[in-house]
2 protein chains.
Amino acid sequence: MRPIDRRSFLQLTGAAGAAGLIRVPGLPSALRAAHAAEAPSAGSIIHGKRPEMIVHNAKLGVMETPLQALRESHFTPKEYLYNRTHFPVDGAGAWVATTDAPSRERVDQWEILVGGLVQRPKSLRIADLAGMPQVERRSVMQCAGNGRSYYWAEAKTPGSGWKHGGMGNLRWEGVPLRALLDGLELGPSEHVRFLTANGKDVPPVAGGADLVKSIPLAAPQLDDAILALKMNGEPIPLIHGGPVRLIVPGFYGNMNVKWVTDLMLMAEPTPSALMQKTYRMPHRQVQPGKFTTQDLTRQNSDPTYGFAIMSVVFAPLAGETVRGGNVPFRGVAWNDGVVPITEVRVSLDQGRTWRAAEIDEPDGPYAWHPWQLQASLPPGSHEVWVRAIDAWGRSQPIDGLTTWNPGGWDWHGVDRVSFQVA
Amino acid sequence: MRPIDRRSFLQLTGAAGAAGLIRVPGLPSALRAAHAAEAPSAGSIIHGKRPEMIVHNAKLGVMETPLQALRESHFTPKEYLYNRTHFPVDGAGAWVATTDAPSRERVDQWEILVGGLVQRPKSLRIADLAGMPQVERRSVMQCAGNGRSYYWAEAKTPGSGWKHGGMGNLRWEGVPLRALLDGLELGPSEHVRFLTANGKDVPPVAGGADLVKSIPLAAPQLDDAILALKMNGEPIPLIHGGPVRLIVPGFYGNMNVKWVTDLMLMAEPTPSALMQKTYRMPHRQVQPGKFTTQDLTRQNSDPTYGFAIMSVVFAPLAGETVRGGNVPFRGVAWNDGVVPITEVRVSLDQGRTWRAAEIDEPDGPYAWHPWQLQASLPPGSHEVWVRAIDAWGRSQPIDGLTTWNPGGWDWHGVDRVSFQVA
């Protein structure tokens, strides 16, 4: 895919016009220059990332997309896609620090072991996968920590202070996972209950936890999972898991294992600390100071598998000033894809009344569901709140802090955006 | 290792002299020539194997060592070592059909995945293993079907008609397995109970059972297991599992997985049919016609892990004629190495009386235990019986047919050899 020029994209989509945008807030230019001088730019950390990216952790290459950029494309370009890697992207990990595709040599040598508790473990090459029928999935990719910073109003947690930009909407192409596993005739044991995926990334220190992930084979999203070779029509960029990434649409990013080297059918989930100790949500509401990450067990918590239902406002953005009269509101909603999103409700009076936004026909159950609404508003300060609801009645808490948890996962509180009408 | 010339070996060891050998029986030369014309020679099936080898299955490269050759070397040369491979050694499997070492390129590209139910799966190269401290194991390698043909006096079974030559005594060098697993800091789950090994060989047909093997981590022999890179001081020949073979001394050959590509710490044993349906011994004595391989279950049988205690006579061999007077008897004994062999008893009157043979100090618990005895015998027809006993009192049944089983495994009846005194 050719890099998209922001200005031409805005012109093409008319997004800025549709939002009736007058002024986009940002850092004053002097401050911006100072910031640039101090912090390494996104592109110097991960080759090809745009300077607008908000860097959370330079060492690990963790960065999110400003909503100003995110809202400009229905499918998030690789230059703007958020990134979360778990190990340093310098030194031994530097091979992934680029939005470029893997080299031909790397692709040719790549090998995936598919095995575990099976009769017949198999070894696959990328060429094997590329020779099989490909399907496309249009789906949100999102860090399980996306929105974490909003929890900090209650109490600080470890982890990066994500706002809403730890996500993107993407097109993935690859081989359907269940068909692949069936076709390989692995002969799984009756004890098999999990698919465990591991990638080529390794902890930088001996004894560090590796990012290994186990997905229950009963998860309905596995029906739509693919071993993806392409993202947005191109070979998957190295930083996003090329040459091959497990895409489980509707599942948080950490379950979408990058650089897949082994897929194991297992009786038990991986003991990886990144599965068993972190990336877990407690079953019940917990209190800061009274429940820590050390208290998370396999009994009292679940891994962050599928997305909590969520919606965000793309226009207006916080602090923007829009023209008065008929103000256009828009944004996106998504959930874990298991049942459809049925409603997106918008409140302009801090939750006292709600009106139904129009939801575009989505690209599929896992993709962004764009929504919009127009409302006449007088000049002055306003807030817009948005809340999605799905066919199971799952929705977003009015007070997102009720799901506070020591890992800061799964933020999906009603989005509240303050803006001005001129 | 340089190929050993039989004649010079005999001269060096004085074996022929010690046995007081006069005549070695064999095929008449005319018949031998006809046989050679009809059947493919061992060397044409597996490059480097000697023509004296007894071919059981040309397609699979299955062949055993005549005892005349086996007794000539304390450590069995690669040219004479028996072979059992599970898939055709032609076509896609032809890369293993040689006693040569793997090419440098193959060695360089080899990768071993060590993972399963662990925190941190690891990938190893041969160079990684070669750079670690190496240890030597001197141990018997033996097919679980060795001696199967003797069961056929009771009832035929599937499988090759091995006599006693489906075994050899070998020196292996490599990396201690438990230390390796510990050093990798894999972080196994509390559920881990088995080490599952798989090799690069694959079934020639889709849906065929792969040779995958699971070893209980509690098995004491695993304390002495190594990931071996050398056999008899040389890189392991391809046909015998080079560049890397799992050596679990005291365990039958099928558990000593060749061409190791993955080692998995697992909660359950592999479902491979070559683990769960075959290579299994029923717990109780069974009757031909009343119990078939189809009746074997995980509940009523165990995998063929460790060797049953066994001894064979190397001199005289069946049909040989020896000089009268003080007749020298010799042979070897071995068991699973868990407890020492304490006695080797020899009977020259068909089991009525037994005398203790002298047992050489063995090279270790898993190696051949050479034994010898001299006895004065009058001219005429004689039989020599031999029976080993270990510190747990485990011994060989006088009537080996009592362990008849539908797979024909685990033959370890008292060896009975008829010979002539001149």
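Residues numbered from 1 in each chain as written. Chains lettered and ligands numbered in written order. Predicted model: local features only at pLDDT ≥ 70, side-chain atom pairs only at ≥ 80, totals over all residues. Heavy atoms only, no water.

### Quick notes on the relation of the copies chain B and chain A
By a simple turn and slide, chain B fits onto chain A: the slide is 0.0 Å along the axis, the RMSD is 0.0 Å, and the turn is 180°. Expressed as a symmetry operation, the mapping of one chain copy onto the other fits a two-fold axis. A symmetric contact is evident, with 100% of the interface residues of chain B recurring at the interface of chain A. (Least-squares fit on C-alpha atoms with pLDDT ≥ 70 in both. Contact = heavy atoms within 4.5 Å.)

### Structural notes on the domain arrangement of chain A
All names here are of chain A. By the assigned domains, chain A splits into domain 1 (20-93), domain 2 (98-157 + 167-271) and domain 3 (310-421). Domain 2 and domain 3 are separated by 30 Å when their C-alpha centres are compared. Carbon and sulfur atoms supply 61% of the area buried between domain 2 and domain 3, which totals about 2,000 Å² over both sides. Summed over the three residues of domain 2 that lose the most area to domain 3, namely R138, Y151 and M167, the buried surface amounts to 31% of that side. Put simply, domain 2 and domain 3 have 1 salt bridge between them. A salt bridge links D363 to R138; the nearest nitrogen and oxygen atoms lie 3.8 Å apart. For the pair domain 2 and domain 3, the interface holds 13 residue pairs in polar contact (both at pLDDT 80 or more). Of all the secondary-structure elements, those providing two or more residues to the side of domain 2 that touches domain 3 are strand 6 (135-142), helix 8 (148-151) and strand 7 (167-176). (Domains from an automatic or database assignment. Buried area = accessible area lost by both parts, 1.4 Å probe. Salt bridge = Lys/Arg side-chain N within 4 Å of Asp/Glu carboxyl O. Polar contact = N/O pair within 3.5 Å; in protein donor to acceptor, adjacent residues only side chain to side chain. Helix = DSSP H or I, 4+ residues; strand = E, 2+ residues; numbered from the N terminus.)

### Focus: the nonpolar core
Core analysis: the biggest nonpolar cluster contains 104 residues, and L227 of chain A together with L227 of chain B have the highest contact counts within it. Each residue touching L227 of chain A, except ones within four places of it in the same chain, is listed here: I112, L129, E173, G174, V175, L177, L180, V244, R245, L246, V260 and L263 of chain A. Ranked by size, the runner-up nonpolar core spans 29 residues in total, among them M281, V332, W368 and W409 of chain A. (Core = buried A, V, L, I, M, F, W, Y, C linked by side-chain atoms within 4.5 Å. Buried < 20%, exposed > 50% of the residue type's maximum accessible area, 1.4 Å probe, protein only.)

### So, the sheet that holds strand 16 (residues 310-315) of chain B
Strand pairing in a sheet relies on backbone hydrogen bonds, with the paired strands running either antiparallel or parallel. A sheet is described by the order of its strands in space; here 4 strands give the open sequence 16-18-22-21 (chain B), paired in antiparallel fashion. If you trace the sheet from one side to the other, it starts and ends with strand 16 and strand 21 (358-359) of chain B, each paired once. (Pairing = 2+ DSSP bridges.)

### Some details on unusual backbone geometry
Glycine aside, residues mostly have negative phi angles, and peptide bonds mostly take the trans form. The omega torsion of the bond from A315 of chain A to P316 of chain A falls at -5°, within 30 degrees of zero and hence cis. Position of P316 of chain A among the secondary structure elements: in the loop between strand 16 (310-315) and strand 17 (321-322). Omega for the peptide link from G242 of chain B to P243 of chain B comes to 10°, which places this bond in the cis form. Of note, P243 of chain B is situated in the loop between strand 11 (234-235) and strand 12 (245-247). Although it is not a glycine, Y279 of chain A sits at a positive phi angle of roughly 55°.

### Topic: the sheet that holds strand 21 (residues 358-359) of chain A
Taken in spatial order, the 4 strands make up an open sheet running 16-18-22-21 (chain A), and their pairing is antiparallel. At either margin of the open sheet sits one strand with a lone partner, and together these are strand 16 and strand 21 of chain A.

### Notes on the interface of chain B and chain A
Contacts between the two partners involve 34 residues from chain B, matched on the other side by 34 residues from chain A. At the boundary of chain B with chain A, total buried surface from both sides reaches about 2,400 Å², with 60% on carbon and sulfur atoms. Looking at the side of chain B facing chain A, the largest losses of area belong to Q119, R120 and P271 of chain B, adding up to 22% of the total buried there. Across the chain B-chain A interface, the total number found is 0 salt bridges. Across the chain B-chain A interface, the total number found is 15 residue pairs in polar contact (both at pLDDT 80 or more). Every element with two or more residues in the side of chain B that touches chain A is listed here: strand 4 (111-116) and strand 13 (260-266) of chain B. Examining the composition of the side of chain B that touches chain A, we find that 4 residues originate from one element, strand 13 of chain B, more than from any other. Residue classes in the side of chain B that touches chain A are distributed as 16 nonpolar, 10 polar and 8 charged. (Nonpolar A, V, L, I, M, F, W, Y, C, P; charged D, E, K, R; others polar.)

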